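Close look at the chain arrangement
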Amino acid sequence: MSYDAIVIGAGMSGLAAGIRLAMFDKKVVILEKHNVPGGLNSYYQRRNFDTPGIRQFDVGLHALTNFIKKGEKGKPFSKLLKQLRLSYDEFHLMPQSYSKILFPDVELKFSNDFELLATEVHKKFPREKDNFVKLVERVRSFDELDLSLGYTSSREILKTIIKDELLIEMLLCPLLIYGSAWEDDMDFAQFVIMFKSLYFEGFSRPEGGVRTIISLLLQKYQEVGGELRLRTAVSEILTKDRTVVGVVAGGAELHAPIVLSSMGLPETFRLTPALAEAKTPAIGSMTFLESIFVFDRKIPREINDSTIIFYNDSKTYSYRPAREYFDPHSAVVCFPDTYELDKRDGEGVARITYMANYDQWRSLSRDDYAAKKEAVADSGLALVKNLTKGFDGKLLFKDTFTPATIERYTWHLNGTVYGSTEKVRDGRTPIANLFIIGTDQGFLGIVGAILSGVSMANLHGLMGGEA
Amino acid sequence: MTGSNVRQIVIDIISDIAPDEDVTSLDDNKSLREQLDLDSMDFLDIVMELRKRHKVEVPQEDYPKLATLQSCVSYLSPKFA
């Protein structure tokens, strides 16, 4: 079979790239190993053991970053809408109430109105008032989309602007855990992307969760004539004279003059025999686990009305793989019900994410693995209860996924979530016409992944060496 | 094809790419970017749509020639001839 372009992976970036190419009459196929699309932002279902029926759960998406109001222009989300020719209303975005960064003795609230965070910083760190304004100016004027940028440490830059270390830690906490492939630090361009996405623009959730986004993308991809093959693993990337010529997928050769891979940079290298001699890119170490709890009723607004709580139990934020299975000192707790404050009936949900340790989860026997999952869930439930004191809802269901689960369903080596610490901003690899899209290209979050697919398809598939 | 036909072709494409923009009162001599919320990604789409709908090719080095409606008409008209 011959195509104009092959896209590996039906996650957010792969679907977006596929749409752009097919929209302009390229014959495109997306190859996805899993039996559902979505990649790191997907969903699953579990049969209820208490009542008839099934419950559906999102994985990945706590929040869609880069919130805009209808009609706002020149923002990442509005670019995404235009490039994919989707309408704002189709996403049915429900804005967050507010979120907070919760450290011992001090908390910072932020919402989709940046003024809230600015006021909080002024109130709680009065001596940093002017410095924070300087930081905001620096972020505002930085061109994070410049594809030629190299790595610059965010901490180094922050230290030159902000004097109070606690404020640096608190500002970094959500930005690191929502996107950094690096331990304890992140590239300044990525810091800027995240600062704008979370603090300037904010959070929302599409009604129906991640499935709403995936089905919009799938529908558009079909509309423009793209082909999607699920349960189709790519086992080799074929090259001739260091130029890509196609892939082996599901045992058959598929040919195309351009291949866009969203499977990750080291993962892509591993499947390319022509790169066997090349230095393998670093596999990122940041991986997570998450527990989800379903209660028989919603958590009353008076008890908790913040959408996401970035919790840390000391003054220093340690962002690195957990020493022991998971790090109980820090967590992200998401209360998805707070997105729809007016709907007060139905079940209540809490999700809690911890930094984890891949090697330890992988080395457990089957029985120990199950026991360890229980222990994590107990710890998570205790924290949820602590954050919702006075709530006496009955726990109906709980489930936990670990780094081993992530690896099993996404095939990202070591269950890494934010990919390699080596990002390829222009998407190029040592193999001509083999390009990287998605997390390892360097844009973050769902909106970032979609824009990564769009911009790499534009640059290499539509503008570049005419395929 | 007349200049006003070419002008309409460009306007039609812009209103499909950026449905929220008001294209009824554009100044032909002012840059499109100044008057509308268009970025380089949108200009790529104008070029791609010209190719898809009208088989007109605009090489990358000529993208600046699409800066105003007037320059679009002067540059594209010979290609539609």
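Computed from a prediction, not measured in an experiment: that's the story for all the values here.

1. A short note on the overall build of chain B
The helix and strand inventory of chain B stands at 4 helices and 0 strands. In sequence order, the secondary structure elements of chain B are arranged as α-α-α-α. Computed over C-alpha atoms, the radius of gyration of chain B comes to 11 Å, within 12% of the 12 Å expected from 2.2 N^0.38 for 81 residues, which places it in the range of a compact globule. When the backbone C-alpha atoms are referred to their principal axes, chain B occupies close to 30 × 25 × 20 Å. A total of 81 residues make up chain B; the buried ones form 26% of that total.

2. Some details on unusual backbone geometry
Residue and element names in this part refer to chain A. For Asp184, which is not a glycine, the phi torsion comes out positive at approximately 60 degrees. Summarising the element assignment, Asp184 is placed in the loop between helix H6 (165-177) and helix H7 (188-201). Classification of Asp184 by C-beta neighbours within 10 Å gives partly exposed; the count is 14. Of note in the backbone geometry, Asn433 takes a positive phi value of approximately 65 degrees without being a glycine.

3. A look at the packing of helix H1 (residues 3-17) of chain B against helix H3 (residues 40-54) of chain B
Residues and elements named next belong to chain B. In the contact formed by H1 and H3, the axes pass within 10 Å of each other and the chain directions differ by 120 degrees. Taken together, the axes of H1 and H3 are oblique relative to one another. Of the two possible hands of crossing, H1 and H3 adopt the one that is right-handed. Only Asp42, Asp45, Ile46, Glu49, Leu50 and His54 of H3 make contact with H1, whose side of the interface consists of Ile9, Ile13, Ile14 and Ile17.

4. Re the pairing of strand E1 (residues 5-8) of chain A
All names here are of chain A. By the alternation rule, side chains of E1 split into Ala5 and Val7 and Ile6 and Ile8, which are all buried. Of the strand pairs in this sheet, E1 and strand E2 (residues 28-31) are connected by 4 bridges, and their pairing is parallel. Following the sheet pairing, Ile8 is matched in E2 by Leu31. A crossover connection joins E1 to the parallel E2 through helix H1 (residues 12-23); in handedness this β-α-β unit is right-handed. Bridge count for E1 against strand E13 (residues 259-261) is 3 bridges, and the pairing is parallel.

5. Side note on the interface of chain B and chain A
Across the boundary between the two partners, chain B contributes 11 residues, which contact 11 residues of chain A. In terms of residue count, the dominant contributor to the side of chain B that touches chain A is H3(B) (5 residues). Counted by class, the side of chain B that touches chain A contains 5 nonpolar, 1 polar and 5 charged residues.

6. Quick notes on the sheet that holds E13(A)
Residues and elements named next belong to chain A. Strand order in the open sheet formed by 5 strands is E9-E2-E1-E13-E19, with parallel pairing between adjacent strands. Each edge of the open sheet is held by one strand with a lone partner, namely strand E9 (227-229) and strand E19 (434-436). On average, adjacent strands in this sheet sit at an angle of 20 degrees to one another, irrespective of strand direction. Pairing of E2 with E9, which is carried by 3 bridges, proceeds in the parallel orientation. Following the sheet pairing, Val29 is matched in E9 by Glu227. H1 contacts E1, E2 and E13 of the sheet and is inclined by roughly 170 degrees relative to E2.

7. Some points on the environment of Tyr369(A)
All names here are of chain A. Tracing the backbone shows Tyr369 in helix H11 (residues 366-387). Residue class for Tyr369 comes out partly exposed when judged on the 15 C-beta atoms lying within 10 Å of it. Remark: the alpha-carbon pair of Tyr369 and Ala404, spanning 35 residues in sequence, is separated by 9.9 Å.

8. Topic: the domain arrangement of chain A
All names here are of chain A. As assigned here, chain A comprises domain 1 (1-82 + 203-282 + 423-467), domain 2 (111-201) and domain 3 (285-410). Here the C-alpha centroids of domain 1 and domain 3 sit 28 Å apart. If you look at the interface, domain 1 gives 12 residues, while domain 3 gives 15 residues. By residue class, the composition of the side of domain 1 that touches domain 3 is 5 nonpolar, 3 polar and 4 charged.

How each quantity is defined
Numbering of residues starts from 1 in every chain and runs along the sequence as written. Chains and ligands are labelled sequentially in the order written, the chains with letters from A and the ligands with numbers from 1. Given that this is a predicted model, residues contribute local features only at a pLDDT of at least 70 and side-chain atom pairs are listed and counted only at 80 or more, while totals for whole chains, interfaces and linings are drawn from all residues. Counting from the N terminus, the helices are the DSSP runs of H or I reaching at least four residues and the strands are the DSSP runs of E reaching at least two. A radius of gyration in this sense is built from C-alpha atoms; the matching globule rule multiplies 2.2 Å by the number of residues raised to 0.38. Residues are called buried when their C-beta atom has 20 or more other C-beta atoms within 10 Å, exposed when it has 12 or fewer, and partly exposed otherwise; all C-beta atoms are positioned from the backbone. Between N-to-C directions, angles span 0 to 180 degrees; the directions come from axes that are lines fitted to C-alpha atoms, helices contributing only their stretch in contact. Angle categories: roughly parallel below 35 degrees, roughly antiparallel above 145, roughly perpendicular from 65 to 115, and oblique for all the rest. Here a crossing is taken to be left-handed if its near helix is turned anticlockwise relative to the far helix by less than a right angle, and right-handed if that turn runs clockwise. What counts as a contact here is a pair of residues whose C-beta atoms, placed from the backbone, lie within 7 Å. DSSP-based pairing: two strands are paired if at least 2 bridges between them are found. A clockwise course of the path from the first strand over the helix to the second, judged with the strands pointing away from the viewer, identifies a crossover as right-handed. Think of it as three bins: nonpolar holds Ala, Val, Leu, Ile, Met, Phe, Trp, Tyr, Cys and Pro, charged holds Asp, Glu, Lys and Arg, and polar takes everything else, Gly as well. Reported domain spans reflect what an automatic or database domain assignment gives.

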